[in-house]
Amino acid sequence: MTRIACDRVPVLAFIPAPFTTAQQLVETEAFLLGLIAEPAGMARAGRLTGRVFEAGTGNPVPWANVVLEGSGLGAAADSAGRYAVTDIPAGEYEVTASAVGYGTETSRVSLRGQPAVLDFRLRPARIDVAPIDARAEAPVRNLGDRVAPTRVVTRRDIEERGADNIQDALRAEPGVTIAACCPVSGSGEIQLQGLDGKYTTVLLDGMPGLADLGSYGLAHVPVTGVERVEIATGAGGLTYGGEAFGGVVNVVPSAVRRTGGMGQLEAGSFGNQRVQAGVDAKLDRLDASATLSRRQTGASDIDGDGVSDFPASTQTGVSARLLARLHERLDLTLSGYSWTDERRGGAMDRVAGRSDTGLLENPNIASWGPMAVLRWQAGAASLLTGRGSWSGYRQRVFTQERWLDAFEEVGYGDLQYAGQLPFNQRLSVTLSGRHERLTENTSPQARTQSRLGLVAEDELSLGPVTVIGTGRLERFSRFGTRFMPGAAVMYAPTTHVRLRGSYGTGFRAPSLYSKLAQFCAGRELVELIQNPDLAPERSRNAQLSAELSRADYSFSVGLFHNRLFDMVTDSMVGLDTARNVRQYRQFNRGEVMTRGVNLGAAFRPLPGLLLRAGYSLLDAQDAETGRALPYRSRHAASWTAGYNLARLGLSASLSGEFVGGMPTQRRHGEHLVEGPMSPNHALWHARLAKRWDGGPDAGVGYEAFVSANNLTDFVQDEWIAQEVPLWGPTRGRWFLAGLKLSF
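Residues numbered from 1 in each chain as written. Predicted model: local features only at pLDDT ≥ 70, side-chain atom pairs only at ≥ 80, totals over all residues. Heavy atoms only, no water.

**Q** A description of the packing of aromatic side chains should follow, citing residues and the corresponding values.
**A** What the rule picks out here adds up to nine aromatic pairs. Residues Tyr83 and Phe120 carry aromatic rings whose centres are separated by 6.3 Å and whose planes lie at 45° to one another, so their mutual orientation is tilted. Placement of Tyr83 in strand β4 (residues 82-85) and of Phe120 in strand β8 (residues 120-122) is noted, with a sequence separation of 37 residues between them. Of the two residues, Tyr83 and Phe120, neither departs from the other in class, the shared state being buried. Between the aromatic rings of Phe479 and Phe507, the centroid separation amounts to 6.4 Å while the plane-to-plane angle is 70°, which identifies the pairing as edge-to-face. (Phe/Tyr/Trp six-rings, centres within 6.5 Å; stacked < 30°, edge-to-face > 60°. Helix = DSSP H or I, 4+ residues; strand = E, 2+ residues; numbered from the N terminus. Buried < 20%, exposed > 50% of the residue type's maximum accessible area, 1.4 Å probe, protein only.)

**Q** A description of unusual backbone geometry should follow, citing residues and the corresponding values.
**A** The backbone phi angle of Gln193 is positive, close to 55°, even though this residue is not glycine. Among the residues examined, Gln193 registers a relative accessible area of 4% and is labelled buried. Even without glycine at this site, Asp713 takes up a positive phi of about 60°. Along the chain, Asp713 turns up in the loop between β41 (701-709) and β42 (734-742).

**Q** Residues and numbers for the confidence of the model for the chain, please.
**A** In the predicted model, the chain carries a mean pLDDT of 76, and the fraction of residues at 70 or more is 76%. Within the model, the stretch residues 514-519 combines pLDDT values under 50 with 38 contacts to residues more than four positions away or in other chains. (pLDDT = per-residue confidence, 0-100. Contact = heavy atoms within 4.5 Å.)

**Q** Mind laying out the sheet that holds strand β3 (residues 73-76), listing which residues take part and the relevant values?
**A** Pairing is antiparallel across the open sheet formed by four strands, whose spatial order is β3-β2-β5-β6. Two strands close off the open sheet at either side, each with one partner strand: β3 and β6 (105-111). The average undirected angle you get between the axes of adjacent strands in this sheet is 20°. With four bridges connecting them, strand β2 (residues 65-68) and strand β5 (residues 91-98) associate as antiparallel partners. Bridging from a neighbouring strand, Leu68 pairs with Val95 of β5. (Pairing = 2+ DSSP bridges. Axes fitted to C-alpha atoms, helices over the stretch in contact; angles between N-to-C directions.)

**Q** Describe in detail the side chain of Asp196, supporting the description with residues and values.
**A** On the secondary structure map, Asp196 appears in the loop between β11 (188-192) and β12 (200-204). Classification of Asp196 by relative accessible area gives buried; the value is 10%. Reaching out from Asp196, the side chain makes a polar contact with the side chain of Arg632 at a distance of 2.5 Å. Sequence-distant contacts of Asp196, that is, excluding residues within four places in its chain, are made with Glu189, Ile190, Gln191, Met567 and Arg632. (Polar contact = N/O pair within 3.5 Å; in protein donor to acceptor, adjacent residues only side chain to side chain.)

**Q** Pulling in residues and values, what's your account of the side chain of Gln416?
**A** Here Gln416 shows up in strand β23 (residues 402-421). Engagement of the side chain of Gln416 in a polar contact is seen with the side chain of Thr430, the distance being 3.2 Å.

**Q** Give me the lowdown on the pattern of salt bridges, citing residues and values where you can.
**A** Between side chains of opposite charge, a pair can form when the charged atoms approach closely. Scanning the model with the defined rule gives 26 salt bridges in all. Between Glu436 and Arg434 there is a salt bridge whose closest N-O contact spans 3.8 Å. Both residues of the pair, Glu436 and Arg434, belong to the buried class. A salt bridge links Arg538 to Asp566; its shortest N-O distance comes to 3.4 Å. Of this pair, Arg538 sits in strand β30 (residues 537-549) while Asp566 sits in the loop between β31 (553-565) and β32 (568-576), placing them 28 residues apart in sequence. Beyond isolated ion pairs, a larger network of salt bridges with shared partners links Glu92, Glu94 and Arg108. (Salt bridge = Lys/Arg side-chain N within 4 Å of Asp/Glu carboxyl O.)

**Q** Explain the nonpolar core residue by residue, including any values.
**A** Among the nonpolar cores identified, the biggest contains 25 residues, and Ile158, Ile166, Leu170, Val176, Ile190, Leu218 and Val229 are the most heavily contacted of them. Among the elements of the structure, α3 (166-169), β10 (176-180), β11, β12, β14 (226-233), β15 (247-253) and β20 (330-347) are those that each provide at least two residues to this core. The biggest single contributor to this core is β14, with three residues. When neighbours within four sequence positions are excluded, Val176 is seen to be in contact with Arg151, Leu170, Arg171, Ile190, Gln191, Leu192 and Ile231. Residues Leu48, Val85, Tyr93 and Val109 belong to the second largest nonpolar core, which totals 22 residues. (Core = buried A, V, L, I, M, F, W, Y, C linked by side-chain atoms within 4.5 Å.)

**Q** Please provide a residue-by-residue account of the environment of Thr594, values included.
**A** The topology assignment puts Thr594 in strand β34 (residues 591-606). Distance in space between the C-alpha atoms of Thr594 and His561 is 5.9 Å, their sequence separation being 33 residues. Contacts of Thr594, omitting those with residues within four sequence positions, involve Gln193, Gly194, Leu195, Phe560, His561, Asn562, Leu618, Asp619 and Ala620. One polar contact links the side chain of Thr594 to the main-chain carbonyl oxygen of Gln193, over a distance of 3.0 Å.

**Q** Run through the pairing of β5, naming residues and quoting values.
**A** Direction of pairing for β5 relative to β6: antiparallel, over a ladder of seven bridges. The residue of β6 that forms the bridge with Glu92 is Ser110.

Here it is in structure tokens:
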């Protein structure tokens, strides 16, 4: 069958080195601004702003309350911990910050006709009460306060969507497309702004982890222990890496707020079984956490030919994190992860792992690696951060009586200095290095490549206007030295309105991978014939956005325009029937253009009721021929209606997504040609949950839930036939039920 909605093979490409994630920008800026009592600038008088974050970890404390004692004035922080109190009469004030699950902190501030900045660091409170209902009513999340457009998928969003992996957690976000790669595994690539998944950089707590997760692997990353997922679009944020043409997805782990844990059991259709567990320990100077997730699905033979069209699979994820507060000015974070995915497919009456007909058997992937972050408050207005990671990625498949094995190692490290300068200016400089090594048992020699990078970012705040200029200088082992400039601006006339604009450039070297078995358990292997004449890819990105956010509603609109030059793509050049291998070769396509509009809205018309909707209009085409790029929907939409009756512990949600028709491709002999337009289709999902708290003395909470997915039972019936393009869901209606315990 033809499966070309994304790259034909899991590309073992290198992830660009990030230098400042959205989370770290919040942490660093909160720390630096908090050291200045009366910053110079052009801000309006009678205004107090700042951030509230957790002492020790630096994580923002969302929805914290900030009150000017005795004045009747105050504000609630947004999802990034940022607050603002306006129209404050001159005088001396005691300002108190508080949040559920934290102690209070009070500071004194003097307002004498100039604005002031005041940050708070709250320590988690040790309280013996039942755990907080994570699904309780909360304000609509803010769309972000960074200059680069950033959206946040919170833990509550993840639970409402019933997602058990990061790929599913991103499905309902405007401007995010999950393009199907493999019908038997459900894997897909994460497309931002209509660009292939290889142009989406995936970070793990701000660090590069797995190889090319944006192209294939996010379906294998469990949501256990994930606090939120941040999405920054466009190449304007060069601090994320010059290769992030489409944008960045940052997976942020949950912070340890108290000693406790959780366990969850699930079962459902298609042999789905899943167990999750997590434990947290909070001490005076030490926070520790560990998570485990294991999911199994059953095999099924749809067409009765003795070969499983949906193989059985087992996905296992383990992670651990340790935060040590070594000194008042020094923190050390150590973490590690391991994710595996093993499938058992092919003829079910054969011995597992053996094949005498050339069918793929027992494909599996594994990834693991440690990470370390050391933060030092070097001075009164400076922060020094050193980070390092190593990750391994292995892909194996048994076919034609032998194992094909590919193993990639990636080492990464950076050192960043951030300091506050006069005139409300912040400067950060980062030096980074990255080395990759790819080993395959089909190749006699290992392949390596490396790069060094230097990034400088200068941020200037002039009252409601913030301007950032960025320069990125990188030296590649294969392509020499490259310079990438970028700029961004944000105008915030009020605390509720933000206008943004950015422009950025990018550079991407061709990947290292050569011959790899396709991890989708199909009927043929894929062989990529190397092209030594490939040129690097380059990009230009511009975007504009406007956001309005109030307590009960929010709106956003974003415009983007991308130009890619020398885009690397692959084309089928032959079929080796003797070896049952499809042969592909990479080439530079030329110039590609994507442009479009993303709309988002959220309303809370009644207490407990939240409505969300998003719409995307996309124009993606080959700039030289004018033809539309395959597997891109011109129109896409998503919607969610959620109701939370906190008094009874009940919550329900109904969500859906619309996917417009898209051009496809099919195989004709030894070549790919234009296929038929796919039809418009919509998918509906529902979830119902009930929570019980054990009471203030028990400290235990329970939650039972049931979900129904693809309610209308829509399936692309003919996907199993040869030469049929893959554009829609391959499994129909399915149900899932589970029980969660927290303590």
